[in-house]
Amino acid sequence: MASDLAAARDRARQLRDEISFHNHRYHVLDRPLISDGQFDALVDELRQIERDFPELVTPDSPTQRVGHQPAEGFRKVTHPAPILSLDKATSRDELIAWHTRISKLLPEPTSSLAYVVEPKLDGLTVVLHYDDGQFVMGATRGDGQTGEDITANLRTLRTLPLKVPVDRDGPSVPHHLVVRGEVVILLSDFDALNERLVADGQPPFANPRNAAAGSLRQLDPRISAQRPLRLFVYSIVSADGPIPATQSDTLAYLEHLGFGVPAEVAMLDDLNRVADYCDTMVQRRSTFPYEADGLVIKIDDLAVQAQLGAVGGRPRGAIAYKFPAQEAVTTLRGVEYSVGRTGIITPTALLEPVGIAGVTVSRASLHNFDAIAERDIRIGDRVVVKRAGDVIPYVSGPVLDARTGSEQPIEPPVACPSCQEPVIRDEGGIAYYCINAACPAQLVQRLTYFAALMDIEGMGERTAVQLVDRGLVHDPIDVYELTMESLLTLEGFGEKKASNLLASIAASRGQPFDRVLAALGIRGVGTTVASLLVSRFPSLDALQSASADDIATVEGLGPITARAIVDWFSRPRHHDIIAHMASAGLNLHKTKPTLLAEQPLAGLTFVITGTLSRPRSEVQAWIESLGGKVTGSVTPKTSFLVTGADPGGTKYNRAQELHTPMITEEQLTALAKAK
Ligand code: IVH
């Protein structure tokens, strides 16, 4: 028994090292060495060992990233050294003034100084403690002296190393090491997060900063675990061993330890160059992957920084260069209500057009009706509109002093703006929904969502509106029954446009199962959740027969989504849809990725009928050379019937029965090129 335990301990140690090595490759460096499946296998093996020998569970084990029970509240912690904030400059003159001030305090001429310029990340500041290389505690900045202990939440961040290498090549790690950084949500993750929240009936976040702070300060770490939080560190707060002497070396050292550090860092040796760089970056701020509200200029030599000291809690050796605010004040002319694919009704502000940082804004998000009531935003108000990165502009609040008394309150809708059916308020009370399953506005949104996920080009909102208005589509799956004839009845559709759309619809049949699953539009099941689901339930059948409890055990999935999935499958209407999906030839199970997938016709099965321009055997060889398959009779598996001159007969009739799409030889060529 003792030797079993010893062997298990060794193996667990080895697995933890391997897992954190691959985690770092994947999440920090973006250069994975093994497949997701291989990675999951390592984690599964470790979990099994820890289940068998609970005494082997360590706080830094990668299995401890999720699943902690909610904390009662956050414990207060005192920081080992004050977590200072920065003085700021907003112009070249202010930068020069800062430089003049510090020059006077230094014995050496400042012409020999070098400066590091980093983005000023706009997220939540965190202070992370490592003892002998192990992550032991993480806190918010709080008031700079004391912060809140959010260790359990921080552990869920995959970009946070639970262990830093004490003895990897290079400099060793001090026994106690405290680093400072910022937790952010990347702009590329922000919209998807809000979409997911809204789909789950929760209020969206106003901006990535609020989203990061709100997600980290959750009492239940399982919620933080589901949010796309990222950590970037930039300084060492305290250490009881040797650490680098410059800021540039500090960044390199922290990176070596396995932390993510900001990538957009400049080393400049002259203040004029620093000021020029700041000017350029004002224009380029939207190229940062995260929201940055400015730059931080730091004297590279940390001894010089120390010598300069701090005044009023702000170090003299560094300064924040703030970007101009991306906001403006304008008049709120009205509110438009739009219906989303789940029936949720969202208000959009219609504004007197106003320029914000070079872009004219005439519409902005009002978030939800609670946010409107809370901020008391009224039609006719002068309102503050903000923009952040590429995020949709939003109304942050009214200018109360500008009120004239003629402003009108904004009422939540009582009827759906599209189908006029009564609107209901959800249980949580934040969202208003149209629950009419036949609501055309919902269908248009479901259709464009489906088309986007299935990569059907040319099926934007305009086309979707036409298809729904004409009654050609009653459910997104009906797109597989569209014909040249029906498309030609739509305004603006000629043969070319119609055949391109048909080819693109046809090509979408090759989309993998996880895409198809996401395209169903089940609440909470976007592309990320769909891939998680598919790795456990490799077919629609398997998922359909799973219980909510089974589904909820998939890592990264909560009980609400699990319930939504089971509910979706329990609706008879959805059984018809599943049957249609099968007959349309969509992938309803996980297919092994093969090299063939890169070939344009991979995964597609063709049947040929009628006379073609080339001998049939030649066309067959050509299809096969592009990865397609040719069979002799039409079955539900057939992707297309290729029709030559004078089609007819059994194949043709069978294809009509099965709604197999028919394409001409020309369309087939277009399809091979389109993919
Ligand atoms: S240096 C003494 N560098 O901006 C060191 N701060 O008032 C002072 N911030 O909330 C901080 N990105 O946490 C530094 N690259 C960066 C930063 C950064 C964001 C935050 C900081 C604080 C505020 C500065």
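Residues numbered from 1 in each chain as written. Predicted model: local features only at pLDDT ≥ 70, side-chain atom pairs only at ≥ 80, totals over all residues. Heavy atoms only, no water.

(A) The overall build of the protein, seen in detail. A count of helices and strands for the protein gives 24 helices and 26 strands. A principal-axis box enclosing the C-alpha atoms of the protein has dimensions of 95 × 80 × 50 Å. Counting across all 675 residues of the protein, residues that qualify as buried make up 49%. Taking contacts inside the protein between residues at least 6 apart in sequence as the whole, the part at least 24 apart equals 67%. Taken as a whole, the protein presents about 31,900 Å² of accessible surface, with 51% of it coming from carbon and sulfur. Within the protein, the 83 negative side-chain charges are centred at a point lying 1 Å from the centre of the 67 positive side-chain charges. (Helix = DSSP H or I, 4+ residues; strand = E, 2+ residues; numbered from the N terminus. Buried < 20%, exposed > 50% of the residue type's maximum accessible area, 1.4 Å probe, protein only. Contact = heavy atoms within 4.5 Å. Areas by Shrake-Rupley, 256 points an atom, 1.4 Å probe, with all protein chains shown as cover. Lys, Arg positive; Asp, Glu negative; His and termini not counted. Charge placed at Lys NZ, Arg CZ, Asp CG, Glu CD.)

(B) Representation of the sheet that holds strand 3 (residues 115-121) within the structure. A sheet is described by the order of its strands in space; here 5 strands give the open sequence 2-13-10-3-9, paired in mixed fashion. The two strands at the open ends of the sheet, each matched to only one other strand, are strand 2 (88-89) and strand 9 (266-268). Across the sheet, helix 8 (residues 247-256) touches strand 3, strand 9 and strand 10 (292-299), and the angle it forms with strand 3 is around 55°. Set on the sheet, helix 9 (residues 271-284) makes contact with strand 3, strand 9, strand 10 and strand 13 (318-322); between it and strand 10 the angle comes to about 170°. (Pairing = 2+ DSSP bridges. Axes fitted to C-alpha atoms, helices over the stretch in contact; angles between N-to-C directions.)

(C) Focus on the pattern of salt bridges. Scanning the entire structure with this criterion turns up 27 salt bridges. With a closest N to O distance of 3.4 Å, K120 and D293 form a salt bridge. Here D293 lies in strand 10 and K120 lies in strand 3, a separation of 173 residues in the sequence. (Salt bridge = Lys/Arg side-chain N within 4 Å of Asp/Glu carboxyl O.)

(D) Region of the structure containing the sheet that holds strand 8 (residues 229-239). Spatial ordering of the open sheet is given by 5-4-7-8, a layout of 4 strands whose pairing is antiparallel. Among the strands making up the open sheet, the edge pair consists of strand 5 (134-140) and strand 8. Within the sheet, the average angular offset between the axes of one strand and its neighbour, ignoring direction, is 30°. As judged from the 8 bridges shared by strand 4 (residues 124-131) and strand 7 (residues 176-185), these two strands associate in the antiparallel manner. What sits directly across from Y130, in strand 7, is L177.

(E) Expanded view of the packing of helix 3 (residues 92-105) against helix 9. Where helix 3 meets helix 9, the axes come as close as 10 Å, and the angle between the chain directions of the two elements is 150°. Classified by the interaxial angle, the pair formed by helix 3 and helix 9 is roughly antiparallel. Both helix 3 and helix 9 take part in a crossing whose hand is right-handed. Contacts from R92, L95, I96, W98 and H99 of helix 3 reach helix 9 at L271, N272, A275, D276, C278 and D279. In the contact of helix 3 with helix 9, the residues fall into 6 nonpolar, 2 polar and 3 charged. (Parallel < 35°, antiparallel > 145°, perpendicular 65-115°, else oblique. Left-handed = near helix turned anticlockwise from the far one by under 90°. Nonpolar A, V, L, I, M, F, W, Y, C, P; charged D, E, K, R; others polar.)

(F) Structural view of the site of the ligand. Among the 13 residues in the neighbourhood of the ligand, the closest are listed as E118, L121, T125, Y234 and K298. One nitrogen or oxygen atom from the side chain of K120 is found 3.4 Å from an oxygen atom belonging to the ligand. Note that a nitrogen atom of the ligand is positioned 3.0 Å from one of the backbone N or O atoms of L121. Taken by itself the ligand offers 520 Å² of open surface, and the protein chains cover 87% of this. By residue number, the principal contributor to the shell around the ligand is strand 3, which donates 4 residues. Partitioned by chemical class, the residues of the shell around the ligand number 6 nonpolar, 2 polar and 5 charged. (Near = heavy atom within 4 Å. Polar contact = N/O pair within 3.5 Å; in protein donor to acceptor, adjacent residues only side chain to side chain.)

(G) Examining the pairing of strand 25 (residues 640-643) more closely. Taking every second residue as pointing to the same face, both faces of strand 25 are buried, with F640 and V642 on one and L641 and T643 on the other. Bridge count between strand 23 (residues 605-609) and strand 25: 4 bridges; the pairing is parallel. The partner of F606 across the bridge, within strand 25, is F640. In terms of strand pairing, strand 25 meets strand 26 (residues 662-664) through 3 bridges, oriented parallel. Paired with V642 across the bridge in strand 26 is I663. In this view, the connection linking strand 25 to its parallel neighbour strand 26 by way of helix 23 (residues 649-658) has right-handed handedness. (Right-handed = clockwise from strand over helix to strand, strands pointing away.)

(H) Up close: the nonpolar core. In terms of nonpolar packing, the biggest core is built from 56 residues, with I456, V479, Y480, L517, L533 and M581 touching the most fellow members. The leading source of residues in this core is helix 12 (residues 440-453), at 7 residues. Residues contacting Y480, with those up to four places away along its chain left out, are F450, M454, I456, I505, S508, R509, A584, L586 and H659. (Core = buried A, V, L, I, M, F, W, Y, C linked by side-chain atoms within 4.5 Å.)

(I) Layout of the environment of G627. The topology assignment puts G627 in the loop between helix 22 (616-625) and strand 24 (629-631). In this structure, the C-alpha to C-alpha distance between G627 and Y394, residues 233 residues apart in sequence, is 48 Å. In this structure, G627 is in contact with Q599, L601, A602 and G603, ignoring residues within four places of it in sequence.

(J) Structural context of the environment of V173. Relative to the assigned elements, V173 resides in the loop between helix 4 (151-154) and strand 7. Judged by relative accessible area, V173 falls into the buried class, the value being 8%. For the pair V173 and A655, spaced 482 residues apart in sequence, the C-alpha separation works out to 69 Å. In this view, V173 contacts V164, P165, V166, Y253 and L257; residues no more than four positions away in its chain are not counted.

(K) Inspection of the packing of aromatic side chains at higher detail. Inspection of every chain in the model, using the stated rule, returns 9 aromatic pairs. Arranged with centres 5.1 Å apart and planes meeting at 75°, the rings of F232 and Y290 form a pair that is edge-to-face. With a gap of 58 residues between them, F232 in strand 8 and Y290 in the loop between helix 9 and strand 10 connect regions that are remote in the sequence. An identical accessibility class is assigned to F232 and Y290; each is buried. Both rings, one in F369 and one in Y432, keep their centres 5.3 Å apart while their planes meet at 80°; by these two values the pair is edge-to-face. Of this pair, F369 sits in helix 11 (residues 369-375) while Y432 sits in strand 22 (residues 432-434), and the two are 63 residues apart along the sequence. The exposure class assigned to Y432 is buried, which follows from its relative accessible area of 12%. (Phe/Tyr/Trp six-rings, centres within 6.5 Å; stacked < 30°, edge-to-face > 60°.)

None of this, on its own, says anything about what the molecule does.
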